[in-house]
Amino acid sequence: MSSQRPIIDANTICGFWATRQMDISPEALARVMQQGGVARYLAVSTTGIFHDYRAGNDETLNLAQQFQGMVPVATVDPRQYVDCFSELERRSEQGFSLFRLFPDLQGYPLNFSPLQDVLAKLNELGKPVMIPAPQMGDATMLAEKVAFNQTPVILTSVSCDNLGEALSVMKSCAQIYLESHLLNSPDAFEVIVSEVGPDRIVFGSNAPLRYFASSYLSVTTAGVSDNDRANILGGNIRRVLAAKTE
Amino acid sequence: MPVIDVIAQWGPRPNPIRASSVEAITSILQRFDIEKCILSATEGIRHDFVRGNERLAEAIDGEERLFGYATVNPNYVEASIGELRKYLYKEDFLGVVMHTSTLGIEIDAPEVKDCLNACRRYDKPILLYCYGDGEVRKLVAILEEFESLNFILAHMGGDAWENGMEVASDHFNLFLGPCTFHAARDHIKKAVEKIGDRRLVFGSDLTLINPAFVAGMVRDADLTVQQKERIFYRNAKELFGL
């Protein structure tokens with residue numbers, strides 16, 4: 001049932017996880033991706049999330065040179081206001097094709113002026129961004145912040161709890177996409193495809209923190225056409241990144 | 001590999017989920033080779049438990065794959081005992097469900113104990129939805145006081161899933177349903193290491209959660225085929241006497 005076209009996992013991380021003992025090393029990630037038949041995986045180093053985004057982005061870049069299939073994703077921390085903008089420019093020039101933000105892990109609210117500025121800067125640079133919207137109200141707030149942006153904004157961690165809200169913002173903001181690792185209701189993909197079309201869902205697993213097969217089987221068993229499934233599993237994110245994963 | 005799904009619900013939800021009818025549920029069960037599914041009524045959990053039980057009984061009547069839990073509400077002890085009498089002698093009602101966290105009642109409240117006391121005569125498992133460290137820790141006293149009853153902790157206690165495992169490791173009358181999206185990638189393997197492979201029972205939380213999402217957790221867990229078969233099927237078959 002799975003697509004014949006290459007699978008791209010838009011949501012992976014690697015490095016060290018401090019709050020519980022877990023192997024999320026780049027080797028572990030590569031293993032999970034290989035077992036899952038994933039051709040390309042967009043990865044960010046946890047060093048950049050929890051310690052220092054500059055060092056983390058360097059680390060991600062180096063790892064992507066060592067691990068076949070890994071596509072580097074950059075991050076910044078808007079709490080470090082001012083300096084984070086030069087990092088956005090630098091990583092954009094280096095060719096990073098996606099940026100991720102982690103308000104949930106770094107502890108800043110979505111209603112946070114530096115975040116608004118970072119989102120505006122990424123839009124100016126023409127770079128897509130992935131940001132979590134796990135709670136009710138998050139997607140609405142983010143949609144207000146990016147209402148005038150042109151570049152894609154990918155919401156991650158949307159689940160059965162707030163899918164209705166995500167659908168509502170997707171209807172009013174064509175640049176909003178959904179990453180799939182928590183799209184866990186029985187007919188989530190069918191509902192999204194029927195309400196906003198098949199082109200704005202991108203497959204992600206949040207591996208190796210989470211079980212790869214949970215998100216993967218949810219897509220492969222969904223009642224959507226083979227073409228839509230193939231786009232969800234890789235074609236859509238490829239388009240978002242403007243073929244820079246080639 | 002056949003599957004028995006012991007944690008599922010029937011009825012409308014406040015989410016954009018269209019697959020909520022008996023027909024839709026049956027079609028999902030066929031798609032995932034789920035041989036039997038034990039449902040509770042969403043109406044009974046969040047609103048009127050008497051009406052929820054009644055409608056569930058009508059909905060599953062004559063449906064080969066579908067079974068029911070009788071919902072009790074410890075805020076209404078006498079009526080709850082009446083519901084046990086009404087449904088637990090029926091062949092298609094296999095257990096009792098109690099959502100203490102949703103009802104805002106503590107798991108060790110006297111009213112909960114009154115309901116559990118009444119459950120003793122039926123010898124059927126009790127599905128508990130209680131979340132959070134404090135509530136899961138309070139379960140210890142309940143498991144010890146009601147040692148003759150078997151309990152299933154839905155979602156392994158939610159965000160307190162590690163405590164759920166801890167409590168289950170010392171109490172052989174507690175089974176765990178591994179469906180939780182709070183958990184990390186290794187949680188099923190860790191649960192097997194902690195409590196063995198005989199007290200984990202597959203529960204999807206259908207129709208809120210896609211069975212594929214939970215089946216993927218078991219499929220990816222670093223376990224033998226026999227252990228996975230126990231979790232997907234055999235443990236529930238034995239627990240519910242199916």
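This text follows the structure it describes.
This one's a predicted model, so the numbers in the text were calculated from it and none came from an experiment.

> Before we move on, can you summarise the overall build of chain A with the specific residues and values?
Regarding its fold elements, chain A presents 11 helices and nine strands. Against the 2.2 N^0.38 benchmark of 18 Å for 246 residues, chain A shows a C-alpha radius of gyration of 17 Å, consistent with a compact globule. Counting every position in chain A, which comprises 246 residues, the buried fraction comes to 65%. Residue pairs at least 24 apart in sequence account for 71% of intrachain contacts in chain A once pairs closer than 6 positions are excluded. Summed over its atoms, the accessible surface of chain A is roughly 9300 Å², and 49% of this surface lies on carbon and sulfur atoms. Taking the average location of the 19 positive side-chain charges in chain A and that of its 26 negative ones, the two points are 4 Å from each other.

> How would you explain the overall build of chain B if you had to name every residue and give the values?
The helix and strand tally for chain B stands at 11 helices and seven strands. The globule rule puts the C-alpha radius of gyration for 242 residues at 18 Å, and the 16 Å found for chain B is close to it. Along the longest, intermediate and shortest principal axes, the C-alpha atoms of chain B span 45 × 40 × 35 Å. Restricting to contacts in chain B with at least 6 residues of sequence separation, those with at least 24 account for 75%. As displayed, chain B has an accessible area near 9500 Å², and 45% of this comes from carbon and sulfur atoms. Charge separation in chain B, taken as the distance between the mean sites of 28 positive and 37 negative side-chain charges, equals 3 Å.

> Give a detailed account of the side chain of N73 of chain B, specifying residues and quantitative values.
All names here are of chain B. With respect to the element layout, N73 can be found in the loop between β3 (66-71) and α4 (77-87). Looking at N73, the relative accessible area reads 6%, which means it is buried. A distance of 2.8 Å separates a polar side-chain atom of N73 from the backbone nitrogen of N75. For N73, the residues in contact, after removing those within four places along its chain, are F49, S80 and L103.

> I'd love a proper account of the sheet that holds strand β6 (residues 151-153) of chain B, names of residues and values included.
Residues and elements named next belong to chain B. The strand order β1-β2-β3-β4-β5-β6-β7 describes an open sheet built from seven strands, whose pairing is parallel. The sheet is open, and its two edges are formed by β1 (3-10) and β7 (174-176), each paired on a single side. In this sheet, adjacent strand axes meet at a mean angle of 30° when their direction is disregarded. Across three bridges, strand β5 (residues 126-128) lies against β6 in parallel orientation. If you follow L127 over to β6, its bridge partner there is I152. Of the strands in this sheet, β4 (93-98), β5 and β6 are in contact with helix α6 (residues 110-119), which crosses β4 at around 170°.

> Tell me about the pattern of salt bridges, residues and numbers included.
On inspection of all chains with the given rule, the structure shows 27 salt bridges over all chains. Linking E162 of chain B and R20 of chain A is a salt bridge whose minimum nitrogen-to-oxygen distance equals 2.6 Å. Highlighted residues: E162 of chain B in helix α8 (residues 161-170) and R20 of chain A in the loop between β1 (7-14) and α1 (26-35), drawn from two different chains. Its relative accessible area of 15% is what places R20 of chain A among the buried residues. A salt bridge links R31 of chain A to D23 of chain A, with the shortest nitrogen-to-oxygen separation between them at 3.7 Å.

> Give me the lowdown on unusual backbone geometry, citing residues and values where you can.
Cis peptide bonds are those with omega within 30 degrees of zero, and the linkage from A207 of chain A to P208 of chain A qualifies with 0°. For P208 of chain A, the location among the structural elements is in the loop between β9 (201-202) and α10 (212-220). For the peptide bond that leads from L206 of chain B to T207 of chain B, omega is 5°, which places it in the cis range. Tracing the backbone through its elements, the reader meets T207 of chain B in the loop between α9 (187-195) and α10 (211-220).

> Can you lay out the interface of chain B and chain A for me, pointing to particular residues and giving the numbers?
Listed as interface residues are 33 residues of chain B and, on the opposing side, 33 residues of chain A. Summing both partners gives a buried area of about 2600 Å² for chain B against chain A, and 53% of it is carried by carbon and sulfur. Inspection of the chain B/chain A interface yields three salt bridges. Taken together, chain B and chain A are joined by 19 residue pairs in polar contact (both at pLDDT 80 or more). Within the residue set of the side of chain B that touches chain A, elements represented by two or more residues are α1 (22-31), α8, α9 and α10 of chain B.

> Explain the layout of surface pockets residue by residue, including any values.
Here the second largest pocket defines a volume of roughly 490 Å³. Around the second largest pocket, the lining is made up of 19 residues, and of these V32 of chain A together with R185, D220, A221 and D222 of chain B lie nearest the centre. Mapped onto the lining of the second largest pocket, the elements with two or more residues apiece are α1 of chain A together with α9 and α10 of chain B. For the lining of the second largest pocket, the leading source of residues is α1 of chain A, giving four residues.

> Mind laying out the environment of F50 of chain A, listing which residues take part and the relevant values?
Residue and element names in this part refer to chain A. Among the secondary structure elements, F50 is positioned in helix α2 (residues 46-50). Placed 55 residues apart in sequence, F50 and L105 show a C-alpha to C-alpha distance of 7.8 Å. With residues near it in sequence (within four places) discarded, F50 still touches W17 and L105.

> Requested: an account of the nonpolar core, with residues and values cited.
Counting residues in hydrophobic clusters, the biggest one holds 101 residues, and the most contacted among them are V6, F151 and I152 of chain B. Membership of the second largest hydrophobic core comes to 63 residues, among which are V76, V118, I131 and V169 of chain A.

> Quick rundown of the packing of helix α3 (residues 53-66) of chain A against helix α4 (residues 83-94) of chain A? Include the residues and the values.
All names here are of chain A. The interhelical angle for the contact between α3 and α4, taken along N-to-C directions, is 15°, at an axis separation of 11 Å. By the angle between their directions, the pair α3 and α4 is classed as roughly parallel. Crossing angle aside, the handedness with which α3 passes α4 is right-handed. Taken together, the residues of α4 that come into contact with α3 (itself represented by Y53, R54, N57, D58 and L61) are D83, C84, E87, R90, R91 and Q94. Among the residues making up the contact of α3 with α4, the classes are represented as three nonpolar, two polar and six charged.

> Describe the packing of helix α7 (residues 133-145) of chain B against α8 of chain B, with residues and values.
All names here are of chain B. One way to put it is that α7 packs onto α8 with a least axis distance of 9 Å and a crossing angle of 15°. Taken as axis vectors, α7 and α8 run roughly parallel relative to one another. The handedness of the crossing between α7 and α8 is right-handed. Touching D133, V136, R137, V140 and L143 of α7 are N163, G164 and V167, all from α8. Considered class by class, the residues forming the contact of α7 with α8 number four nonpolar, two polar and two charged.

Basis of the calculations
- Residues numbered from 1 in each chain as written.
- Chains lettered and ligands numbered in written order.
- Predicted model: local features only at pLDDT ≥ 70, side-chain atom pairs only at ≥ 80, totals over all residues.
- Heavy atoms only, no water.
- Helix = DSSP H or I, 4+ residues; strand = E, 2+ residues; numbered from the N terminus.
- Rg over C-alpha atoms; globule rule 2.2 N^0.38 Å.
- Buried < 20%, exposed > 50% of the residue type's maximum accessible area, 1.4 Å probe, protein only.
- Contact = heavy atoms within 4.5 Å.
- Areas by Shrake-Rupley, 256 points an atom, 1.4 Å probe, with all protein chains shown as cover.
- Lys, Arg positive; Asp, Glu negative; His and termini not counted.
- Charge placed at Lys NZ, Arg CZ, Asp CG, Glu CD.
- Polar contact = N/O pair within 3.5 Å; in protein donor to acceptor, adjacent residues only side chain to side chain.
- Pairing = 2+ DSSP bridges.
- Axes fitted to C-alpha atoms, helices over the stretch in contact; angles between N-to-C directions.
- Salt bridge = Lys/Arg side-chain N within 4 Å of Asp/Glu carboxyl O.
- Buried area = accessible area lost by both parts, 1.4 Å probe.
- 1 Å grid on protein atoms, 1.4 Å probe; cavity = no way out; pocket = protein on both sides within 12 Å on 5 of 7 lines; lining within 4 Å.
- Points joined across faces, edges and corners; volume = space filled by probe spheres on them.
- Core = buried A, V, L, I, M, F, W, Y, C linked by side-chain atoms within 4.5 Å.
- Parallel < 35°, antiparallel > 145°, perpendicular 65-115°, else oblique.
- Left-handed = near helix turned anticlockwise from the far one by under 90°.
- Nonpolar A, V, L, I, M, F, W, Y, C, P; charged D, E, K, R; others polar.

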